Amino acid sequence: SLHLSEKIFEGDQVKFSDGTSGTITRMGWFETMIQNSDDVVVGVPNSQLTGQRVYNLSRTPQSQVKQTLRIRYEDASKIPLLLETIKEEIRTDCDKLIPGRLRAHWSNFEDDHLQVVVDAHFSIKPTGGEYHDNRQKVLQAIYRAVKKTGVSFEKSTSNVKVVGK
C-alpha cells in the first residue's frame, strides 16, 4: 500500500512523474482514487504508482510562476527597461515574493522573436485559490510593464503546410 511510504495521505494534492495529478480521495491496498482538476475521480492501480517520483504539493510551502515572453526584434532596445519594469511591478503587487527569487532576463534569440523569461518564487503553496490569485497578479504585472514600456509581443507562427494540386 502507498500508505506505508508515508509520502502521501488522503486529502493530499500530488503529482506523479508520469503526469498523473490531483487530490488523493481514497487509498486502498490495490488502488488509489485521485480527483483531478476537472473533479473527475480516477482509480489508479497502486502498481502503476509505486516506484514513481511523487511531488506532494500539499507539503510544499513555496511556489513558482514562470513565463516565457516572445518579444519583437524591433523592440530589442526596450528590453532592459522592460525587465526592470517587470521586476518593479511584481515587487509592488506581490507581497509573498521571496526576496532574491525574482529573475527577468533576455534569454535567447529565436528565428522570429527575442525570448524573455520571468521567473518568480513565492511563499505560497502551489495549489488553491491563493496560488492562482497570485499567478494572476504576476501576469497582470507583466502586462502593465509591457504597456508602460511600449513593447509588443511577437505572435506565434505556426508551421502550416499547404498541400498543392
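Structure: above.
*Asks:* A description of the pairing of strand 7 (residues 97-109) should follow, citing residues and the corresponding values.
*Replies:* One ladder, built from eight bridges, connects strand 7 with strand 8 (residues 114-122); its direction is antiparallel. Counterpart to Trp106 in the pairing with strand 8 is Val116. Adjacent in sequence and paired antiparallel, strand 7 and strand 8 are bridged by four residues.

*Asks:* Account for the sheet that holds strand 8, naming residues and giving values.
*Replies:* Sheets are built from strands paired through backbone hydrogen bonds, the pairs being either parallel or antiparallel. Read across the sheet, three strands follow the order 6-8-7 without closing on themselves; strand pairing throughout is antiparallel. Each edge of the open sheet carries a strand with a single partner, namely strand 6 (63-71) and strand 7. Averaged over all pairs of adjacent strands, the angle between strand axes in this sheet comes to 15°, irrespective of strand direction. Sheet analysis places strand 6 next to strand 8, joined by nine bridges and oriented antiparallel. Residue Gln67 lies in a different strand from strand 8, and its bridge partner there is Val118. Docked against the sheet, helix 2 (residues 79-93) engages strand 6, strand 7 and strand 8, running at close to 155° with respect to strand 7. The strands that helix 3 (residues 128-149) touches are strand 6 and strand 8; relative to strand 6, the one it contacts most, it runs at about 30°.

*Asks:* Give a description of the packing of aromatic side chains that names residues and reports values.
*Replies:* One pass over the structure, following the stated rule, counts two aromatic pairs. Seen from their ring centres, Tyr73 and Phe109 are 6.4 Å apart, and the 20° between their planes marks the pair as stacked. Of this pair, Tyr73 sits in the loop between strand 6 and helix 2 while Phe109 is found in strand 7, placing the two residues 36 residues apart along the sequence. Ring pairs connect the aromatic residues Tyr73, Trp106 and Phe109, which therefore count as one cluster.

*Asks:* Give me the lowdown on the layout of surface pockets, citing residues and values where you can.
*Replies:* Approximately 320 Å³ is the volume attributed to the largest pocket. Mapped by element, the contributors of at least two residues to the lining of the largest pocket are strand 1 (13-16), strand 2 (21-27) and helix 3. Of the residues belonging to the lining of the largest pocket, the class tally is four nonpolar, ten polar and one charged.

*Asks:* Break down the environment of Thr92 for me, with residues and values.
*Replies:* Among the secondary structure elements, Thr92 is positioned in helix 2. For the pair Thr92 and Ala141, spaced 49 residues apart in sequence, the C-alpha separation works out to 8.8 Å.

*Asks:* Just give me the short version of the pattern of salt bridges, but keep the residues and values in it.
*Replies:* This structure, assessed with the given rule, holds eleven salt bridges. As a salt-bridge pair, Asp75 and Lys78 come within 3.6 Å of each other at their nearest N and O atoms. Across the salt bridge formed by Asp93 and Arg144, the nearest N and O atoms sit 3.6 Å from each other. Of this pair, Asp93 sits in helix 2 while Arg144 sits in helix 3, placing them 51 residues apart in sequence. With a relative accessible area of 28%, Asp93 lands in the partly exposed category. Taking relative accessible area as the criterion, Arg144 reaches 29% and is therefore assigned partly exposed.

*Asks:* Could you give me a rundown of helix 3, with the residues and numbers involved?
*Replies:* A rise of 1.5 Å per residue sets the reference length of helix 3, with its 22 residues, at 32 Å; its end C-alpha atoms lie 32 Å apart and thus fit the reference within 8%. All of the buried residues in helix 3 are Tyr131, Asn134, Val138, Ala141, Ile142, Ala145, Val146 and Thr149. Considered in projection along helix 3, the buried side chains sweep an arc of 135° and stay on one side of the axis. Exposed residues lying more than 90 degrees from the buried face of helix 3 are Asp133, Lys147 and Lys148. At its buried positions, helix 3 is contacted by strand 6, helix 2 and strand 8. A positive phi of about 70° marks Gly150, the residue just after helix 3.

Rules and cut-offs
Residues numbered from 1 in each chain as written. Predicted model: local features only at pLDDT ≥ 70, side-chain atom pairs only at ≥ 80, totals over all residues. Heavy atoms only, no water. Pairing = 2+ DSSP bridges. Helix = DSSP H or I, 4+ residues; strand = E, 2+ residues; numbered from the N terminus. Axes fitted to C-alpha atoms, helices over the stretch in contact; angles between N-to-C directions. Contact = heavy atoms within 4.5 Å. Phe/Tyr/Trp six-rings, centres within 6.5 Å; stacked < 30°, edge-to-face > 60°. 1 Å grid on protein atoms, 1.4 Å probe; cavity = no way out; pocket = protein on both sides within 12 Å on 5 of 7 lines; lining within 4 Å. Points joined across faces, edges and corners; volume = space filled by probe spheres on them. Nonpolar A, V, L, I, M, F, W, Y, C, P; charged D, E, K, R; others polar. Salt bridge = Lys/Arg side-chain N within 4 Å of Asp/Glu carboxyl O. Buried < 20%, exposed > 50% of the residue type's maximum accessible area, 1.4 Å probe, protein only. Expected span 1.5 Å × (residues − 1). Arc of directions from axis to C-beta.

Function-wise, these values are silent; they only describe arrangement.
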